[in-house]
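# Structure at a glance
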Amino acid sequence: MDAQPLLTAESTKTLLQTMINNKTVRKKIISFIEQKSYQDAIEVNSDNRPRQVQEDRHDYSMALLHGFLRAFELGQISKHGIDRLMEIFLSKVVMNKESEEASCSLGLDLPFFLVISPTGKCNLKCTGCYATSDSSQKVSLDFNTFDRILTEKRELWGSHFTAISGGEPLLWRDGKFDFLDMIERHSNNMFMFYTNGTLITDEVAKRMAELGNVTPAISVEGFEEETDARRGKGTYTRIMNALESLKKYGVFFGISVTPTKYNWEVATSDRLVDFYFMQQGAVYGWLFQYMPIGRGQTLDLMVTPEQRVEMYKRMVRIVRERKVFLADFWNSGTAAGGCLSAGRKGGYYYIDWHGNVTPCVFIPYAADNIHRIYKSGGNINTPLKSSFFKKINTWQDEYGYRQPAEKLDNWLCPCVIRDHFGVFREAAIKSNAKPINEEAAIALNDSDYCTGMINYGEELKRLTDPIWIKEYLSTAVSRDEDQQAVLSAT
Ligand code: SF4
């Protein structure tokens, strides 16, 4: 379907600039943008998705817009920061046209972004770290490799958004170049980096403000008790100091929380939303449910399928009613169009500090290594052709990504590794994917681990299928009373 969006890059930019500069028209323009976005998502629906999937996408977009507005009204985004947001985030990320053009000229479906962990070093040693990072890790990507990946991403994919994970990104350095030097070198790219926040001083915040193309997502586990319990005593206080520095210089920021069986309630509570979003001015938040990979991997810390469903219900309310962008890699699968891994069209893949190329941050099995790829004349398109990625892409397509609306399978359990471990294990074994650490090697052959993961996925499907069928596959459901009724009855 050759649908034209109702808002162009230029018209949206003009609207937002008017809104920012003129208080009296701000409310009306927000309402106008909401209506247009809704029309585009629901009436145009160029992807031909179920109506509720489109409504979820619209709700998340509007929650992000309101996050920016709240931060702006709290005076927490500098004038320069707003200009850079318009210049990069809006024009090159949200309204990106280069990606489609690059895809057509290469004849390849292209990912939208990459997640890169340039260093394994970390100044903390958190319980259950997915990356097994700490101060004993010495390995980092060298300057040339890190720089080349970012350059190719822009030149080959037309991609202007990069997520940086770790290790602690602020510890990356090669010779005289530090992490923020690399951000400066790629000034037409918007970077979001996951950080423990403890290294963000006034000086670092000031530098980020000057750059304007970088936003930190700061890890918290809830409040002081939960954060210090996992990350070490005194960490919460250092994080609060970091937030003050960011606000002082007008750098917008988000939070990142790892819900486990023990802290999921606080991670999805109104108290957390009130504090971090309404008072502190966080623009966005990510929930990364504990994944049993990396240091001390155990299925016992995972939120149970029942808890996950309860988290989904809470998030629906937080996003729709409170207009807060609190997204979950798993429970927000509808808004993301299912699993984004393995370089799917519009998705991403991951490169770690050893150069391992894996489908996702949460899949510790590699299709290849970027150092080997570069040595043998390849580029960042090479992993897209790997058998491991292709197998996952085939599953993604059959599960829903390439299916008509009425045949979409349950995107409330979208994850190839967490929710469909049997499918994942077969793909990894048949394509000879390489475990990137000892824990990953053990997991693939541990019968308790494999059975536990498969049982988890089956139970989640049993609990979420009724919601999926009633809310998403039904074409006749409206989003008002009927929807709330089924959510509370499940
Ligand atoms: S593999 Fe799981 S965590 Fe990774 S992108 Fe897919 S759904 Fe998300």
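Residues numbered from 1 in each chain as written. Predicted model: local features only at pLDDT ≥ 70, side-chain atom pairs only at ≥ 80, totals over all residues. Heavy atoms only, no water.

## Digging into the overall build of the protein chain
Counting its secondary structure elements, the protein chain contains 20 helices and 14 strands. If you line up the protein chain on its principal axes, its C-alpha atoms span 60 × 55 × 50 Å. Looking at the protein chain as a whole, 59% of its 490 residues qualify as buried. By sequence separation, contacts in the protein chain at least 24 residues apart represent 74% of the contacts at least 6 residues apart. (Helix = DSSP H or I, 4+ residues; strand = E, 2+ residues; numbered from the N terminus. Buried < 20%, exposed > 50% of the residue type's maximum accessible area, 1.4 Å probe, protein only. Contact = heavy atoms within 4.5 Å.)

## Here we look at empty space enclosed by the protein
Counted under the stated rule, the structure contains six cavities of 30 Å³ or more. Each pocket or cavity is described by its volume, and for the largest cavity that value is around 90 Å³. Along the walls of the largest cavity sit D56, D59, Y60, Y312, M315, V316, V319, R320, N331, T334 and Y472, which together make up its complete lining. With five residues, helix α13 (residues 305-320) is the single largest residue contributor to the lining of the largest cavity. Looking at the lining of the largest cavity residue by residue, the classes come out as six nonpolar, two polar and three charged. (1 Å grid on protein atoms, 1.4 Å probe; cavity = no way out; pocket = protein on both sides within 12 Å on 5 of 7 lines; lining within 4 Å. Points joined across faces, edges and corners; volume = space filled by probe spheres on them. Nonpolar A, V, L, I, M, F, W, Y, C, P; charged D, E, K, R; others polar.)

## Describing the domain arrangement of the protein chain
Partitioning the protein chain into domains gives domain 1 (98-375) and domain 2 (384-489). Taking only C-alpha atoms, the centre of domain 1 and the centre of domain 2 are 22 Å apart. With 51 residues of domain 1 at the interface, the matching set in domain 2 holds 45 residues. Taking both sides of the interface into account, the surface hidden between domain 1 and domain 2 amounts to around 4,100 Å²; carbon and sulfur atoms contribute 66%. Linking domain 1 with domain 2 are two salt bridges, by the criterion used here. Residues D109 and R402 are paired through a salt bridge, measuring 2.5 Å at the closest nitrogen-oxygen approach. Applying the counting rule to domain 1 against domain 2 returns 16 residue pairs in polar contact (both at pLDDT 80 or more). For the side of domain 1 that touches domain 2, the elements supplying multiple residues, two or more each, are α13, α14 (333-336), β11 (356-358) and β12 (365-366). For the side of domain 1 that touches domain 2, the leading source of residues is α13, giving eight residues. Tallied by class, the residues present in the side of domain 1 that touches domain 2 amount to 28 nonpolar, 13 polar and 10 charged. (Domains from an automatic or database assignment. Buried area = accessible area lost by both parts, 1.4 Å probe. Salt bridge = Lys/Arg side-chain N within 4 Å of Asp/Glu carboxyl O. Polar contact = N/O pair within 3.5 Å; in protein donor to acceptor, adjacent residues only side chain to side chain.)

## A short note on helix α16 (residues 387-401)
Along α16, the residues that are buried comprise F388, F389, I392, N393, W395, Q396, Y399, G400 and Y401. Looking straight down α16, one finds that the buried residues subtend no more than 165 degrees of arc, so they occupy a single side. Looking at the buried side of α16, the elements it contacts are β10 (348-351), β11, β12 and α17 (421-430). (Arc of directions from axis to C-beta.)

## Some details on the pattern of salt bridges
All told, the structure shown has 29 salt bridges when counted by the stated rule. A salt bridge links R314 to E265; its shortest N-O distance comes to 3.9 Å. In this pair, R314 is assigned in helix α13 and E265 in helix α11 (residues 264-267), connecting sequence segments 49 residues apart. Through salt bridges with shared partners, a single ionic network connects R173, D178, D181, E184 and R207.

## Some remarks on the site of the ligand
The local shell around the ligand consists of F329, W330, C339, L340, S341, C360, F362, I363, C415 and V416. A class-by-class count of the residues in the shell around the ligand yields nine nonpolar, one polar and no charged. (Near = heavy atom within 4 Å.)

## Some thoughts on the nonpolar core
With 141 residues, the main nonpolar core has Y276 and F424 as its most contacted residues. Per-element tally for this core: the top contributor is helix α19 (residues 447-473), with nine residues. Two domains each provide a minimum of three residues to this core, namely domain 1 (98-375) and domain 2 (384-489). Excluding residues that lie within four positions of it along the chain, Y276 makes contacts with V220, G222, F223, Y236, M240, I255, G281 and A282. Counting six residues, the second-largest nonpolar core is a separate cluster that includes I29, I30, I33 and M62. (Core = buried A, V, L, I, M, F, W, Y, C linked by side-chain atoms within 4.5 Å.)

## Some words on the environment of T304
When you line up the elements, T304 lands in the loop between β8 (284-287) and α13. Judged by its relative accessible area of 24%, T304 is partly exposed. Separated by 109 residues in the primary sequence, T304 and C413 have C-alpha atoms spaced 13 Å apart. For T304, the residues in contact, after removing those within four places along its chain, are K261 and Y456.

## Some thoughts on the sheet that holds strand β7 (residues 254-257)
Across the sheet, 10 strands lie side by side as β9-β8-β7-β6-β5-β2-β1-β10-β11-β13; this open sheet has mixed pairing. Of all the strands in the sheet, the pair left with one neighbour each is β9 (326-328) and β13 (368-369). In the sheet, strand β1 (residues 113-116) pairs with strand β2 (residues 161-164) via three bridges, with the strands oriented parallel. What sits directly across from I116, in β2, is I164. In this fold helix α12 (residues 270-279) packs onto β6 (214-220), β7, β8 and β9, with an angle of close to 145 degrees to the strand it touches most, β7. (Pairing = 2+ DSSP bridges. Axes fitted to C-alpha atoms, helices over the stretch in contact; angles between N-to-C directions.)

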